[in-house]
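So the chains spell out like this:
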There are 2 protein chains.
Amino acid sequence: MVETEPKPPVSPDAGSTGPDKSAEADKPPERGRLGALRTFFLGPPLATSVHLAHRLPILLALPVLASDALSSNAYATEEIMHVLASAHRYMGGPPTLHLVLPITLAIAVLMFIIMASYRRAVLMYPESGGSYTVARKNLGATAGLVAGSALVIDYILTVAVSVSAGIAALCSYAPVLLDYKVLLALLLIVVISWVNLRGTKESGWTFAFPAYGFVGMMLILIGVFLWRYFTGGVHPLPVPDHAVQATTAFSTFLLLKAFSNGCAALTGVEAISNGVQIFRPPEAQNASKTLLLLILTSVTVFAGLGFAAYSFHILPNERETLVSQIARATFLGGGYLPDALGQLLFALAIGSVLAVLIVASNTAFADFPRLLAFIARDGYAPRVLLSQGDRLVYNRGILALMVISAGLVLFFQASVNLLIPLYAVGVFLCFTLSQAGMFYRIISDRQKGWLAAAAVNAIGTIATGSVMCVIAITKFSQGAWLVVVLIPLLVLAGRAIKRHYQWFERRLAVYDNDENPLRRESSQPCVICLISSDINRGTLEGLEVARALTGTAQGSEIRALHVELNPARTALLVSRFEQLVTPNYPGITLEIVPSPYRWLVQPVLQYIEQLQSESGRRRRIIVLLPEFETGNLFEQLLHNNSAANLRRALMKQPEVTIITNRFFLRK
Amino acid sequence: MVETEPKPPVSPDAGSTGPDKSAEADKPPERGRLGALRTFFLGPPLATSVHLAHRLPILLALPVLASDALSSNAYATEEIMHVLASAHRYMGGPPTLHLVLPITLAIAVLMFIIMASYRRAVLMYPESGGSYTVARKNLGATAGLVAGSALVIDYILTVAVSVSAGIAALCSYAPVLLDYKVLLALLLIVVISWVNLRGTKESGWTFAFPAYGFVGMMLILIGVFLWRYFTGGVHPLPVPDHAVQATTAFSTFLLLKAFSNGCAALTGVEAISNGVQIFRPPEAQNASKTLLLLILTSVTVFAGLGFAAYSFHILPNERETLVSQIARATFLGGGYLPDALGQLLFALAIGSVLAVLIVASNTAFADFPRLLAFIARDGYAPRVLLSQGDRLVYNRGILALMVISAGLVLFFQASVNLLIPLYAVGVFLCFTLSQAGMFYRIISDRQKGWLAAAAVNAIGTIATGSVMCVIAITKFSQGAWLVVVLIPLLVLAGRAIKRHYQWFERRLAVYDNDENPLRRESSQPCVICLISSDINRGTLEGLEVARALTGTAQGSEIRALHVELNPARTALLVSRFEQLVTPNYPGITLEIVPSPYRWLVQPVLQYIEQLQSESGRRRRIIVLLPEFETGNLFEQLLHNNSAANLRRALMKQPEVTIITNRFFLRK
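Residues numbered from 1 in each chain as written. Chains lettered and ligands numbered in written order. Predicted model: local features only at pLDDT ≥ 70, side-chain atom pairs only at ≥ 80, totals over all residues. Heavy atoms only, no water.

## Looking at the overall build of chain A
If you tally the helices and strands in chain A, you get 22 helices and five strands. Within the span of chain A, comprising 667 residues, buried residues form 58% of the whole. Relative to all contacts within chain A whose residues are 6 or more apart in sequence, the contacts with residues 24 or more apart total 82%. Carbon together with sulfur atoms contributes 64% to the accessible area of chain A, which is approximately 26,900 Å² in total. (Helix = DSSP H or I, 4+ residues; strand = E, 2+ residues; numbered from the N terminus. Buried < 20%, exposed > 50% of the residue type's maximum accessible area, 1.4 Å probe, protein only. Contact = heavy atoms within 4.5 Å. Areas by Shrake-Rupley, 256 points an atom, 1.4 Å probe, with all protein chains shown as cover.)

## Let's talk about the sheet that holds strand E4 (residues 621-628) of chain B
Sheet architecture is open: ten strands sit in the order E3(A)-E2(A)-E1(A)-E4(A)-E5(A)-E5(B)-E4(B)-E1(B)-E2(B)-E3(B), paired in mixed fashion. Looking at strand neighbours, the two that pair on one side only are strand E3 (589-594) of chain A together with strand E3 (589-594) of chain B, the edges of this open sheet. Put simply, the sheet's adjacent strands are angled 25° from each other on average, direction ignored. Across the face of the sheet, helix H20 (residues 601-614) of chain A comes into contact with strand E1 (526-531), strand E2 (557-564), E3, strand E4 (621-628) and strand E5 (656-663) of chain A while running at roughly 145° to E2(A). (Pairing = 2+ DSSP bridges. Axes fitted to C-alpha atoms, helices over the stretch in contact; angles between N-to-C directions.)

## Quick look at the nonpolar core
Considering soluble globular proteins, one finds that nonpolar side chains tend to be buried as a cluster. Tyr75(A), Ile107(A), Leu110(A), Leu266(A), Phe331(A) and Phe428(A) are the most contacted members of the largest nonpolar core, which totals 158 residues. The dominant element in this core, judged by the number of residues it contributes, is helix H6 (residues 141-173) of chain A, at 19 residues. The residues touching Tyr75(A), leaving out its near neighbours within four places in the chain, are Val161(A), Ala165(A), Ala264(A), Thr267(A), Leu357(A), Val416(A), Ile420(A) and Tyr423(A). Of all hydrophobic cores here, the second largest spans 156 residues; its members include Val122(B), Ala284(B), Ile295(B) and Leu433(B). (Core = buried A, V, L, I, M, F, W, Y, C linked by side-chain atoms within 4.5 Å.)

## Regarding a nonpolar patch on the surface
Residues and elements named next belong to chain A. Taken together, Phe476, Trp481, Leu482, Val484, Val485, Leu486, Leu489, Leu490 and Leu492 make up a surface patch of nonpolar side chains, about 760 Å² in accessible area. Note on placement: Leu490 falls in helix H17 (residues 480-508). Looking at Leu490, the relative accessible area reads 33%, which means it is partly exposed. (Patch = residues over 30% accessible without salt bridge, like charges linked within 9 Å, V, L, I, M, F, W, Y side chains within 5 Å. Salt bridge = Lys/Arg side-chain N within 4 Å of Asp/Glu carboxyl O.)

## Quick look at empty space enclosed by the protein
All names here are of chain A. One pass over the structure, following the stated rule, counts seven cavities of 30 Å³ or more. What the largest cavity holds in volume is close to 330 Å³. Along the wall of the largest cavity there are 25 residues; nearest its centre are Glu78, Ala168, Glu318, Thr321 and Val416. Of all the secondary-structure elements, those providing two or more residues to the lining of the largest cavity are helix H3 (73-91), H6, helix H13 (339-377) and helix H15 (416-445). In terms of residues, the lining of the largest cavity owes the most to one element, H6, which gives six residues. Looking at the lining of the largest cavity residue by residue, the classes come out as twelve nonpolar, seven polar and six charged. (1 Å grid on protein atoms, 1.4 Å probe; cavity = no way out; pocket = protein on both sides within 12 Å on 5 of 7 lines; lining within 4 Å. Points joined across faces, edges and corners; volume = space filled by probe spheres on them. Nonpolar A, V, L, I, M, F, W, Y, C, P; charged D, E, K, R; others polar.)

## Notes on the environment of Phe577(A)
Mapped onto the elements of the fold, Phe577(A) is located in helix H19 (residues 570-580). Along the primary structure Phe577(A) and Leu371(A) are separated by 206 residues, whereas in three dimensions their C-alpha atoms are 62 Å apart.

## Some points on the pairing of strand E2 (residues 557-564) of chain B
Residues and elements named next belong to chain B. Burial runs high along E2: seven of the eight residues are buried. Pairing between strand E1 (residues 526-531) and E2: six bridges, direction parallel. Across the sheet, the residue bridging to Cys526 is Glu557, located in E2. Bridge count between E2 and E3: six bridges; the pairing is parallel.

## Thoughts on helix H12 (residues 322-332) of chain B
Residues and elements named next belong to chain B. With nine of eleven residues buried, H12 is to be regarded as a mostly interior element. Looking at H12, one finds that the buried residues are Leu322, Val323, Ser324, Gln325, Ile326, Ala327, Ala329, Thr330 and Phe331. Positive phi shows up at Gly334, right after H12, with a value of about 70°.

## Some remarks on the pattern of salt bridges
Opposite charge on two side chains permits pairing when their charged atoms draw close. Residues and elements named next belong to chain A. Applying the stated rule across the entire model yields 22 salt bridges over all chains. Here Arg647 makes a salt bridge to Glu627, at a shortest N to O gap of 2.7 Å. Placement of Arg647 in helix H22 (residues 642-651) and of Glu627 in strand E4 is noted, with a sequence separation of 20 residues between them. This pair shows no difference in class: Arg647 is buried, exactly as Glu627 is.

## Details of the domain arrangement of chain A
The domain boundaries assigned to chain A delineate domain 1 (65-500) and domain 2 (520-664). Taking only C-alpha atoms into account, the centre of domain 1 of chain A sits 63 Å from that of domain 2 of chain A. (Domains from an automatic or database assignment.)

## Side note on the environment of Phe663(A)
Residues and elements named next belong to chain A. Relative to the elements of secondary structure, Phe663 occurs in strand E5. You can call Phe663 buried: its relative accessible area is 9%. Considered as a pair, Phe663 and Ala211 are 452 residues apart in the sequence and their alpha carbons are 62 Å apart.

## Here we look at the side chain of Asn138(A)
All names here are of chain A. Within the element layout of this structure, Asn138 appears in helix H5 (residues 131-139). Here Tyr125 takes part through its side chain, which lies 2.9 Å from a polar atom of the side chain of Asn138. Excluding its chain neighbours within four sequence positions, the residues that come into contact with Asn138 are Tyr125, Gly437, Met438, Tyr440 and Arg441. (Polar contact = N/O pair within 3.5 Å; in protein donor to acceptor, adjacent residues only side chain to side chain.)

## With respect to the environment of Leu255(B)
Tracing the backbone shows Leu255(B) in helix H9 (residues 252-262). Between the alpha carbons of Leu255(B) and Val83(B) there is a distance of 8.0 Å; along the sequence they are 172 residues apart.

## A word on the pairing of E5(A)
Among the eight residues of E5(A), eight are classified as buried, and the element is accordingly described as predominantly covered. By the alternation rule, side chains of E5(A) split into Val656(A), Ile658(A), Thr660(A) and Arg662(A) and Thr657(A), Ile659(A), Asn661(A) and Phe663(A), which are all buried. Both E4(A) and E5(A) contribute to a ladder of eight bridges, which runs parallel. Looking across to E5(A), one finds that Ile622(A) is bridged to Thr657(A). The sheet contact formed by E5(A) and strand E5 (residues 656-663) of chain B spans five bridges and is antiparallel. Following the sheet pairing, Ile659(A) is matched in E5(B) by Ile659(B).

## Structural notes on the side chain of Asp68(A)
All names here are of chain A. Mapped onto the secondary structure, Asp68 falls in helix H2 (residues 58-71). Although Asp68 is buried, it forms no salt bridge, and the closest oppositely charged side chain is Arg370 at an N-O distance of 11 Å. Setting aside residues up to four positions removed in sequence, Asp68 forms contacts with Thr158, Thr267, Gly268, Ala360 and Tyr423. (Lys, Arg positive; Asp, Glu negative; His and termini not counted.)

## Focus on unusual backbone geometry
Residues and elements named next belong to chain A. Phi is positive for His313, which is not a glycine, with a value near 55°. Summarising the element assignment, His313 is placed in the loop between helix H11 (283-312) and helix H12 (322-332). The phi torsion at Arg598 lies on the positive side, around 60°, for a residue other than glycine. On the secondary structure map, Arg598 appears in the loop between E3 and H20.

## Quick notes on the packing of helix H20 (residues 601-614) of chain B against helix H22 (residues 642-650) of chain B
Residues and elements named next belong to chain B. H22 packs onto H20 with a crossing angle of 40° between their chain directions and a minimal axis gap of 10 Å. Taken as axis vectors, H20 and H22 run oblique relative to one another. Viewed along their axes, H20 and H22 form a crossing whose handedness is right-handed. The segment H20 lies against H22, with Val601, Val604, Leu605 and Ile608 engaging Asn645, Leu646, Ala649 and Leu650. Considered class by class, the residues forming the contact of H20 with H22 number seven nonpolar, one polar and no charged. (Parallel < 35°, antiparallel > 145°, perpendicular 65-115°, else oblique. Left-handed = near helix turned anticlockwise from the far one by under 90°.)

## Describing the confidence of the model for chain A
Residues and elements named next belong to chain A. With 87% of its residues at a pLDDT of at least 70, chain A reaches an overall mean of 82. Mean pLDDT across the elements of chain A bottoms out in helix H1 (residues 32-42) (74) and peaks in helix H14 (residues 395-411) (94). Within the model, pLDDT remains below 50 along residues 1-25, and this stretch shows 82 contacts once partners closer than five positions in the same chain are excluded. pLDDT under 50 marks residues 241-247. Its contacts with residues more than four places away, or in other chains, come to nine contacts. Here the predicted complex carries an ipTM of 0.76, next to a pTM of 0.74. (pLDDT = per-residue confidence, 0-100.)

Here you go:
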């Protein structure tokens, strides 16, 4: 069976644990023009034995795993202000903007609740504590699939949102690029995909620089802001006219909506629990510490930006991101800083935002194909997602992510504000399932201190579950409905795939108690060699192959079959056959079947059917299709593809085996 | 050899000469869902023995063959006026409009010259006197190909121009349709194609009604006009303001350009010489008479319309055709006719124009695929164009014509004026080649009266050749360049195709003096059965097929080959093989080839190469690919197509024969 779905390896993430043999020195063999092209773009193929073996200390693991979570702060506050600003204008004054503060606080509390739960998950599932695993192991396959589907959607959105936000940051600094933002975003996605297809294993430092750069610049920004704030140098900015876009009166619904938007800040927290294996031992403890560090940093940055946005009365606008506006007001306004230093800090702040967002979407490119491989290993996704390309990466997953996220960016014109409603539902669904799974595990195990632990997870489940409902309801009409519809569909698809694979395995399996696993053919097979209206070299080679294959002593039967498309030529064919074939192969008979409607396939099928009914249904028919080599497209167009049509039709017939013999015109 | 390019029948146009057996009563067999769909749209398949045997008298053959030529009059005058009108406005008065009269006269003379030549061609080549045949037989294959290419282009343009002109006529009557004219034109092309794909053989009356209707209505129109003219009832119309579109001063170049445009009236004359076989005997004489009749009718209508257009000072405009304007002025203006009668005649005139143009493009749909079949029979076009579909029509030619002409209509927005420059070059190229061919034949044969005949054809050659040059030069920049470029390309393509077929035949032919046409295989073939990392039922069936096919007594070799994509599973495979295969097939060995880069195809090719070099280069390798049935697209996506990839790669290897055995999971 040439199926070659690579059977699941022990762990699809073996990349980070294997030995560090440098097999790259062995030059791989040549593979023709296409192979050379591939090598040019992606680098030479890597042997299976090449693996990255580095384990990272906490301070390097944090940026590798947490850039996604950190980068969320680059747009979360802006999304809160989007909602508050629309109400603000309607009321004719600034009374609602201050709500950014309690919302930010609520989200910070939520961050701590989620962290508490994930720290425990990491300790309990050091191999991989992601919500797919936790939900599947504790709540069953369907819950796991729900979490998996939600994660799949979220990784796609991570790329779309991060890239769009990154380009928005770039355009804030260089507004001349605004007209090209969709194109730039698509280009960025392609470049990130290409880097990932090359599969270069980045060192931790590649991530450390953008991540710590971002955190550092945000802390400087908040620091300068606080200095100005406490020295009385912060004054609300005048509200620009083009922000006048009143939509509705302020209400609890709007408050919840603003909160929902802000929950985007929580995306990406999942990553650490999936990457426990890259930490230095003790892995789980280090991962747990890193999680704490991440949340503390994240809360600081998020709260600081929220407070600054409120103090400056900054409203989101289409042309400049909120962070850019804050940085501009802080570094450049009021003459607090020397102009050159202010300009430098502003540029660095924007650059660090762009860099961290690129790294964040890069993280999704690393995690998404790995998650798909996990799901495929369990049989819920096509097994082809398990096979690694030349560069030892799951290239099909990477390409899928590229195409889908690029499609989203194109459809939503690289607008973060339009993409956000699709985003957080899935994230909170994962949180909820993960918390519920942990709760279930804790009350099942009842180990020391289980009551307190269960309480933490119960609170977490309720909190994240409620938030998920709030998000789904408040953003339903803007796009969340799509996710609400898509997740069940993905779950159904996953289950159908699993069912098919199970059925397939059952049908193919050979059991030890099978009495006769080798079903002996009941009679000699009959070889039918199809011939056209002329006996040519190809025909003769086909007949010779049939003879050589079956041997003459066996009494096996070879028939030459001609479908009579043009009766006028039959007599000539018969005489040519008698002259060229019969003397050499006395056993081979020429059968002629009429085809009144000039069909080729149907008479052959009819002939086979009749042959089988004559000689007992189980006789194996072997059809030999003598073709000839067609070199290029030009030649393929000149010779019609009847043989290919015939092969396709015959492949659908049980008890029919097909022999393809190509006559090589150029040999 | 399952090439099944149907070898050329005696004549691809056998449809009109064969016996009239009504084999349609035999119900053809079922062919699945796709076949049922086809039957629904196209009607049940027709057996090869069904043929139309009607021969037509002159009065019915005329409309069948000449509707294209007649219908040209519906737009030729308008195209002359297009050029004259642009100069007319520039000069500030009407001094150039009268030039329509000498131009019309010149074209009428040209008509007679061409007729004289074609009447002789018809008598000499009663099978088919078209320019493709005449040029090929007298001037060589290349000249024939040039004529053939020109004809191919002209048939396409006949459809595009006729349909566009027909829709323009319709829109003249119902201007509300003007916005949809492109859509309507495309729809009309699809409908005509569909009718032709159904292959219903129309009776002569289907053509007689529109053709004679058109001639009749035009004669009535001209009659009424003349009556008004001689009773002083014709006054030049006021020139509408929107016609003010001065382009250039009047010059000889413009005169020639107007003349070139008018030559569109001559398109379609070719048809009669191609359809000699549908006349009642004596075919050639009747065809010759019909040609005379056609030219007389055509000249009358053309001259009448030209004179009327001049007398009324009618200028072409975007919204109403010239014929419609003449009919409106003649039937509705000045109170000559009762209003109801005038309205009726006007509507009938427009309707007859539309009808004759539809019939004209229908003629192209009948002739174009037949011409392609002629060319394919001679080996200059893909042989697939020779095979007739279920309904005994050359369906591929019809579809090609539909797609290309629809593309032209779309590109030129159904504008006759934009399409015309592409049109007449090819037509006159054919005329010239046909005349030159006739001239060559006459001076070669030197039969009685050859001198006079040669003189006629010499004049014809010079006249049509000069006109061709005039057309090519005056309309070069407006589109004629495309045809000038395209014809040589088509000729080159045709020659390349012919060369390939000849080479192909030579390589495949079995000659009588071949010492050993059956190249005996030098040694027993080696059967390689590919197996995946597991022994399953499919594997076992594959091995059993190999055993049954080769027999055990022959000493033929069967090897099981495994490409080691995942070394971790090899030990298990070996033990499974020893347990399940070895006891039953002691002769079959398991070979394992490593694949450090996780490639499947390359190691197999390498293994085969090594095997061949070990056992003498000429040993035939038979690779057995055990696949499994994949029912639908869903299943195909779940099982990767390694077997298909492998088959594709192996097909490129000489000395390799492929056995495909599908395991049927559902049987």
